[in-house]
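# Residue-level structural notes
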Amino acid sequence: MTASQSPIWHPFTQHGLGDTIPLIARGEGARLYDANGHYWIDAISSWWVTTHGHAHPRIMAAIRDQSEKLDQLIFAGWTHEPAETLAAELIRITPDPLTRVFFSDSGSTSVEVALKMALGYWYNIGEPRSRILVLEHSYHGDTIGTMSVGERGVYNRAWQPLLFDVDTVPFPHEGMERATLDALEAACSKKPAAFIVEPLILGAGGMLIYPAWVLAEMRAICSRHNVLFIADEVMTGWGRTGTRFACDQAGVIPDIVCLSKGLTGGAMPLAVTLCIEPIFQAHWSTDRAKTFYHSSSYTANPIACAAAAANLAIWRDEPVQHRIDTLADAQGAHLSMLAHDPRVENPRRLGTIAAFDIAARDAGYLSNLAPRLIAFYRDRGVLLRPLGNTVYVMPPYGITPTDLAQVWDAIAASLDMG
Ligand SMILES: *Cc1c(COP(=O)(O)O)cnc(C)c1O
């Protein structure tokens with residue numbers, strides 16, 4: 001079926017440009033196959049969710065098993081084994097101060113929950129605060145609340161009248177880290193409720209990397225000023241940055257952590273917001289008015305939880321860290337082969353994520369560069385989706401060296417398009 005015959009309105013897709021929309025029938029490892037057996041290499045992990053690879057046998061088996069037992073359960077006042085197993089394991093693998101797990105179903109909802117938890121905390125302890133501090137160029141989701149704490153621009157212009165005000169701290173560009181920390185310090189003294197940040201790398205903002213010591217300093221400033229520190233690890237979690245969580249590299253323990261995307265290995269929609277005990281305790285009461293009033297219908301869906309529990313078992317039993325290290329090295333090697341090309345600017349890598357900017361001849365080339373690149377790669381059997389002129393590769397950890405080489409060959413061939 002072609003897109004014009006389909007009633008589907010795709011996300012982030014300008015149907016008026018008439019792009020072809022491939023119909024995928026099957027996924028295995030890093031490959032996505034159509035019904036004729038033609039395949040594309042998924043070099044962006046289906047938008048940053050697929051960690052080990054598509055259709056990982058253990059995750060698929062867990063989904064099959066759970067689907068024969070319990071499909072869905074109201075989670076207000078009821079519980080089930082996959083959620084209990086998963087929550088216990090999440091608490092086991094995260095730092096001790098994180099003691100509570102709140103389930104939801106997407107990265108955006110996990111951030112909404114984090115913001116609501118933060119304001120609920122201050123409200124319930126009788127010191128209401130409502131200001132949120134954010135980092136410039138951040139992305140935290142596409143709902144009204146998460147757009148409010150994200151970068152304003154072409155992606156959310158129509159809805160800006162609905163977005164709430166935040167205080168924005170400048171991104172810590174190399175050499176400018178002090179300015180960021182000073183701005184955070186100044187903003188913290190105004191008693192905001194929380195600071196929300198993507199640790200070590202801003203994904204949708206253009207794969208902007210900043211050093212671990214800056215993250216650690218930002219955390220220390222929030223601690224000193226008693227401002228809740230929210231780490232949005234929706235993209236960075238589950239190994240992308242080289243460690244299981246990006247905060248691990250900075251020795252940072254957040255007050256609230258958002259996890260989604262790779263939580264189920266990328267197989268099912270699920271999210272969690274973890275928090276420290278005082279936030280839970282601020283809501284713990286015999287007074288119903290202090291209840292945390294948040295739920296979505298599919299909160300802690302049992303099949304999604306079983307998939308996530310299988311993902312955590314894979315992390316426990318298989319050499320996942322070794323695969324991540326191997327992929328990180330391979331990404332580094334491929335990137336360094338292009339790094340000295342005059343058409344390649346700002347080559348950068350964090351763990352398994354490699355990125356650079358294509359030098360564009362002029363603004364005209366730049367304006368429609370991303371869609372032209374996407375089509376170019378697609379025609380060469382590679383799924384890549386540059387952010388403006390920023391090309392990045394973020395593959396599933398199980399990608400074969402041959403497939404990874406094909407991805408980078410396509411990239412090398414594309415450099416003239418800038
Ligand atoms: C993708 C993303 C989100 C939103 O997650 P969805 O599941 O798409 O709602 C939030 N924060 C970050 C850092 C992300 O990369």
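Residues numbered from 1 in each chain as written. Predicted model: local features only at pLDDT ≥ 70, side-chain atom pairs only at ≥ 80, totals over all residues. Heavy atoms only, no water.

### Re the site of the ligand
In the region of the ligand, the neighbouring residues are Trp48, Ser106, Gly107, Ser108, Tyr139, His140, Gly141, Glu198, Asp232, Val234, Met235 and Lys261. Contact distances for the ligand include 2.6 Å between an oxygen atom and a side-chain N or O atom of Ser108. Interatomic distance of 2.7 Å between a side-chain N/O atom of Lys261 and an oxygen atom of the ligand. Taking 380 Å² as the accessible area of the ligand by itself, protein coverage stands at 83%. When its residues are assigned to classes, the shell around the ligand shows four nonpolar, five polar and three charged. (Near = heavy atom within 4 Å. Polar contact = N/O pair within 3.5 Å; in protein donor to acceptor, adjacent residues only side chain to side chain. Areas by Shrake-Rupley, 256 points an atom, 1.4 Å probe, with all protein chains shown as cover. Nonpolar A, V, L, I, M, F, W, Y, C, P; charged D, E, K, R; others polar.)

### With respect to the domain arrangement of the protein chain
When cut into domains, the protein chain gives domain 1 (3-55 + 320-417) and domain 2 (60-317). With centres defined by C-alpha atoms, the gap from domain 1 to domain 2 works out at 26 Å. Domain 1 puts 26 residues into the contact, and the matching count from domain 2 is 26 residues. Regarding the contact of domain 1 and domain 2, the summed buried area is about 2,200 Å², with carbon and sulfur atoms giving 66% of it. Counting the contacts that link domain 1 with domain 2 gives zero salt bridges. The interface formed by domain 1 and domain 2 includes 13 residue pairs in polar contact (both at pLDDT 80 or more). Every element with two or more residues in the side of domain 1 that touches domain 2 is listed here: helix H1 (45-48), helix H11 (320-338), strand S13 (344-350), strand S14 (353-358) and strand S16 (390-393). Counting residues per element, the side of domain 1 that touches domain 2 draws most heavily on H11, at four residues. Among the residues forming the side of domain 1 that touches domain 2, the class breakdown is 15 nonpolar, eight polar and three charged. (Domains from an automatic or database assignment. Contact = heavy atoms within 4.5 Å. Buried area = accessible area lost by both parts, 1.4 Å probe. Salt bridge = Lys/Arg side-chain N within 4 Å of Asp/Glu carboxyl O. Helix = DSSP H or I, 4+ residues; strand = E, 2+ residues; numbered from the N terminus.)

### Re the pairing of strand S3 (residues 39-42)
With three bridges connecting them, strand S2 (residues 31-33) and S3 associate as antiparallel partners. Pairing of Arg31 across the sheet is with Ile41, part of S3. Linkage of S2 to S3, two consecutive antiparallel strands, is achieved through a turn of five residues, within which Gly37 is found at a positive phi near 90 degrees. In terms of strand pairing, S3 meets strand S15 (residues 382-383) through two bridges, oriented parallel. Looking at the pairing, Ile41 lines up with Val382 of S15. (Pairing = 2+ DSSP bridges.)

### Notes on the sheet that holds strand S10 (residues 228-232)
The strand order across the open sheet formed by seven strands is S4-S12-S11-S10-S7-S5-S6, and the pairing between neighbours is mixed. If you trace the sheet from one side to the other, it starts and ends with strand S4 (98-104) and strand S6 (167-169), each paired once. Averaged over all pairs of adjacent strands, the angle between their axes in this sheet comes to 20 degrees, without regard to strand direction. In terms of strand pairing, strand S7 (residues 194-197) meets S10 through four bridges, oriented parallel. (Axes fitted to C-alpha atoms, helices over the stretch in contact; angles between N-to-C directions.)

### A closer look at the packing of helix H13 (residues 369-379) against helix H14 (residues 401-414)
At their nearest, the axes of H13 and H14 sit 10 Å apart, and the two run at 135 degrees to each other. Put simply, H13 runs oblique to H14. For the element pair H13 and H14, the recorded crossing hand is right-handed. For the pair H13 and H14, contact is made by Leu373, Phe376 and Tyr377 and by Ala410, Ile411, Ala413 and Ser414, respectively. Among the residues forming the contact of H13 with H14, the class breakdown is six nonpolar, one polar and no charged. (Parallel < 35°, antiparallel > 145°, perpendicular 65-115°, else oblique. Left-handed = near helix turned anticlockwise from the far one by under 90°.)

### A few points about helix H2 (residues 57-67)
Along H2, the residues that are buried comprise Ile59, Ala62, Ile63 and Gln66. Each buried residue of H2 lies within a common arc of 100 degrees when the element is viewed along its axis, so the set occupies one face. Exposed and facing more than 90 degrees away from the buried side of H2 are Pro57 and Arg64. (Buried < 20%, exposed > 50% of the residue type's maximum accessible area, 1.4 Å probe, protein only. Arc of directions from axis to C-beta.)

### Considering the side chain of Ser260
Among the secondary structure elements, Ser260 is positioned in the loop between strand S11 (256-259) and strand S12 (271-276). Judged by its relative accessible area of 6%, Ser260 is buried. Setting aside residues no more than four positions away along its own chain, Ser260 makes contact with Ser106, Gly107, Val234, Trp238, Leu270 and Ala271.

### Observations concerning the sheet that holds S2
Read across the sheet, four strands follow the order S1-S2-S3-S15 without closing on themselves; strand pairing throughout is mixed. One side of each edge strand has no neighbouring strand; the edge strands of this open sheet are strand S1 (26-28) and S15. Contacts from H14 reach S2, S3 and S15 within the one sheet, and its direction differs from that of S3 by about 90 degrees.

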